[in-house]
Amino acid sequence: MKTLLLVLLLAGVCSGNELLGYLEDWVNVKWWDNNIPGNCLMGCFEPQPYITSLKPYSSVNYGFTFLTENPTPSQVSCSNAPNGTSGGASGPCPVWDGKAIYLAAASKNGAAAITPSTSAATPGIVSIAESSRMAKMHPDGPKRFKISLGGWSDFARVGNVQNARSIAKLMGKLVLWTFADGVDLDFEHLTPFATINGDDEFAAYNALVAALREELDTNVKPQWSSFAATRKQQLQAEYNALQPWQQADMKPYYQTNMNFMDEVGKNGPDHLEVSWTTRFNAFLPAGNPWNYLLPGSPRPNQTFATDNEGAKIWPQSGASFDTANIMAYDAGTPAGALQLNFTTIMNNFVTYGKVPKEKINIGFEPGEQAAGGVWEGMAADKEIATYAKQNGFLGAFVWSVNPSPTTNPNGTKLAPELAANLNNIIKPTWRWGPAPVYTKCDPTTGNWPGL
């Protein structure tokens, strides 16, 4: 049995079930702290609500990092594409600038999380690394932690294969600096990008997936433990350079992280994951584009441009992906909110996409939804999660772990309730082999116990 487990781990094959949550890195954060390097310019999660919110999950995705210099959540189309709309809903969709991976608009101080020349922790690195550390040191045991690249607000294109390779290098570097467990690719505008003259966005995206898989496996993993030792030395040098009064104030941060680096090095790297987040219509049967609608659902007059988008991705990149996350929400249309048949959607991925069940997470968004979507309700989500568990699917995910009380007041209450219910149904475990062993942080401060 131990030999089989070792073989599966080396092959990157997971076991068990997952409950994944997406983090909104702009909710329940502090925007200034003199006692953390970088002063939380890119926001740092408030420890107690962050730790509490992670309780039901086995894994979380930190959203978002961007290719774009100017994240624009109100944009819906590309003004430089044939199908671009007019007015404020349309905007430029430029090729990535090649300069950095961003956490905010490039004009903001500290927005570049990682660049080709980064040799010291940026404010963005500190923010992500602290989130990663508290997930691994969670009082209930370690949670897997990945960095999401993309999201709706990212309207920058990969553009070409060379950019794809450069992005993979930078994301691998960011994973190493933050000791994250991999990268989630949440690219929501591939189809409109591909209509722009001279852009083969799907080829560039598939090249990114392949390059990222190679970067994580052949470059990041071998450096993991040695870089943890290097980071401890860097942290000690920074601490020694502080004035005595600063050392007193910043000791909890520095001592916590130096202790943590010892455990990172001792545990070594876990499997470094690459996940694909996509829509409910990524795979469809020929001649039946609405097979995923319930009988009473509205039916639009036009099909979606993104229908069967997965057929341009999975055949080329499926072997490099560990996980397929299905966004089965935000399904508003001019005809009304679609009523989705979740089991059909999941089986479309298996039947028409040839995606293994054990890689599929079905996604829910309780409460308010974008684009006029309507939540199907708690009872429905519990029933769907039970189906996933009983039929060999990986599990489920929730958008989001920490909804904004301003924009999603109902979601703020419902998301934790749904996550607790899903945890009871799915009973998630650590996906790859035995869980690593980390000291459990203080549930109030997030620091090493006693600091």
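As a reminder, the structure under discussion sits directly above these lines.
Parameters and conventions
Residues numbered from 1 in each chain as written. Predicted model: local features only at pLDDT ≥ 70, side-chain atom pairs only at ≥ 80, totals over all residues. Heavy atoms only, no water. Salt bridge = Lys/Arg side-chain N within 4 Å of Asp/Glu carboxyl O. Helix = DSSP H or I, 4+ residues; strand = E, 2+ residues; numbered from the N terminus. Buried < 20%, exposed > 50% of the residue type's maximum accessible area, 1.4 Å probe, protein only. Pairing = 2+ DSSP bridges. Axes fitted to C-alpha atoms, helices over the stretch in contact; angles between N-to-C directions. Contact = heavy atoms within 4.5 Å. Parallel < 35°, antiparallel > 145°, perpendicular 65-115°, else oblique. Left-handed = near helix turned anticlockwise from the far one by under 90°. Nonpolar A, V, L, I, M, F, W, Y, C, P; charged D, E, K, R; others polar. Right-handed = clockwise from strand over helix to strand, strands pointing away. Disulfide = S-S within 2.5 Å.

Got a minute to help me understand the pattern of salt bridges in this structure?
Any two side chains of opposite charge can pair, so long as their charged atoms come close to each other. A complete count under the given rule lists 16 salt bridges for this structure. Note that R133 is salt-bridged to E130, the shortest N-O span being 2.9 Å. Of this pair, R133 and E130 both sit in helix α3 (residues 123–136), 3 residues apart, which is roughly one turn of the helix. R133 sits in the buried class, given a relative accessible area of 1%. In this structure E130 comes out as buried when scored by relative accessible area, which is 10%. A salt bridge links E188 to R279; its shortest N-O distance comes to 4.0 Å. Placement of the pair is E188 in the loop between β10 (182–186) and α5 (190–194) and R279 in strand β11 (residues 273–279), with a sequence separation of 91 residues. For E188, a relative accessible area of 14% puts it in the buried group. Salt bridges here are not isolated pairs; linked through shared partners, they connect E18, R144, K146, D270, E273 and R431.

I'm lost on the sheet that holds β10 in this one. Help?
Each strand in a sheet pairs with its neighbour through backbone hydrogen bonds, running either in the same direction (parallel) or in the opposite one (antiparallel). With parallel pairing, 8 strands are arranged side by side around a closed barrel as β1-β4-β9-β10-β11-β12-β13-β14. Strand after strand, the sheet turns through a mean of 25° between neighbouring axes, direction not considered. Relative to strand β9 (residues 144–150), strand β4 (residues 59–65) is paired through 5 bridges, and the arrangement is parallel. When the sheet's bridge partners are listed, Y62 is paired in β9 with I147. Against the sheet, α3 engages β4 and β9, with an angle of about 150° to β9. Here helix α6 (residues 201–240) sits on the sheet and contacts β10 and β11; the angle it forms with β11, its principal contact strand, is near 155°.

Please clarify how the packing of α6 against helix α7 (residues 244–267) should be interpreted in this entry.
Relative orientation and spacing of two packed helices are given, respectively, by the angle between their axes and the distance between those axes. Here α6 crosses α7 at 165°, and the two axes come no closer than 8 Å. Taken together, the axes of α6 and α7 are roughly antiparallel relative to one another. Crossing of α6 over α7 shows left-handed handedness. Listed contacts from α7 to W224, S225, A228, R231, K232, L235, Q236, E238, Y239 and N240 of α6 are Q247, K251, Y253, Y254, N257, M258, M261, D262, V264 and G265. Looking at the contact of α6 with α7, its residues break down into 9 nonpolar, 6 polar and 5 charged.

Teacher, can you tell me more about the pairing of β10 here?
In the case of a regular strand, side chains alternate between the two sheet surfaces. Most of β10 sits inside the fold, with 5 of its 5 residues counted as buried. Sheet topology places β9 next to β10; 4 bridges connect them, and they run parallel. Counted as the bridge partner of L149 is L185 from β10. With helix α4 (residues 161–178) bridging β9 and its parallel neighbour β10, the resulting β-α-β unit is right-handed.

Please clarify how the pairing of strand β13 (residues 360–364) should be interpreted in this entry.
Within β13, 5 of the 5 residues are buried, which leaves it mostly tucked inside the rest of the structure. Across 4 bridges, strand β12 (residues 323–327) lies against β13 in parallel orientation. By the bridge assignment for β13, I326 is matched with I362. Read as a crossover between parallel neighbours, the route from β12 over helix α9 (residues 342–351) to β13 is right-handed. Alignment of β13 against strand β14 (residues 395–399), held across 4 bridges, turns out to be parallel. Directly across from N361, in β14, lies its bridge partner G395.

Would you mind going over the side chain of S90 with me for this structure?
The residue S90 is located in strand β6 (residues 90–91) in this model. The contacts of S90, once residues within four sequence positions are left out, are Q75, S77, C78, S79, G84 and T85.

Can you walk me through the state of the cysteines in this structure?
Defined simply, a disulfide is a covalent bond joining two cysteines at their sulfur atoms. Considering all chains together, one arrives at 2 disulfides under this definition. What pairs with C40 in a disulfide is C44, and their sulfur atoms sit 2.1 Å apart. Taking the sign of the S-S torsion, -105° for the link of C40 and C44, the bridge is left-handed. Side by side, C40 and C44 carry an identical accessibility label, which is buried. Covalent S-S linkage joins C78 and C93, the inter-sulfur distance amounting to 2.1 Å. An S-S torsion of about -85° defines the bridge between C78 and C93 as left-handed. On the criterion of sequence distance, the pair formed by C78 in strand β5 (residues 77–78) and C93 in the loop between β6 and β7 (101–102) is long-range, its members being 15 residues apart. Of the two residues examined, C78 and C93, each falls in the buried class. Here the bonded cysteines of the chain are numbered in sequence order, and their pairing is 1-2, 3-4. Unpaired in this structure, C441 has its nearest cysteine sulfur neighbour in C44, at a distance of 15 Å.

Even after reading the chapter, I still don't get unusual backbone geometry, so can you show me in this structure?
Note on backbone geometry: most residues besides glycine have negative phi, and most peptide bonds are trans. Following G63, the chain continues into F64 via a peptide bond in cis, with omega recorded as 5°. By secondary structure assignment, the location of F64 is in strand β4. W399 connects to S400 through a cis peptide bond whose omega is 0°. Along the polypeptide, S400 turns up in the loop between β14 and α11 (409–426). The backbone phi angle of N28 is positive, close to 60°, even though this residue is not glycine. Of the residues examined, N28 reaches a relative accessible area of 40% and is grouped as partly exposed. We note that D330 has phi near 55°; this positive angle belongs to a residue other than glycine.

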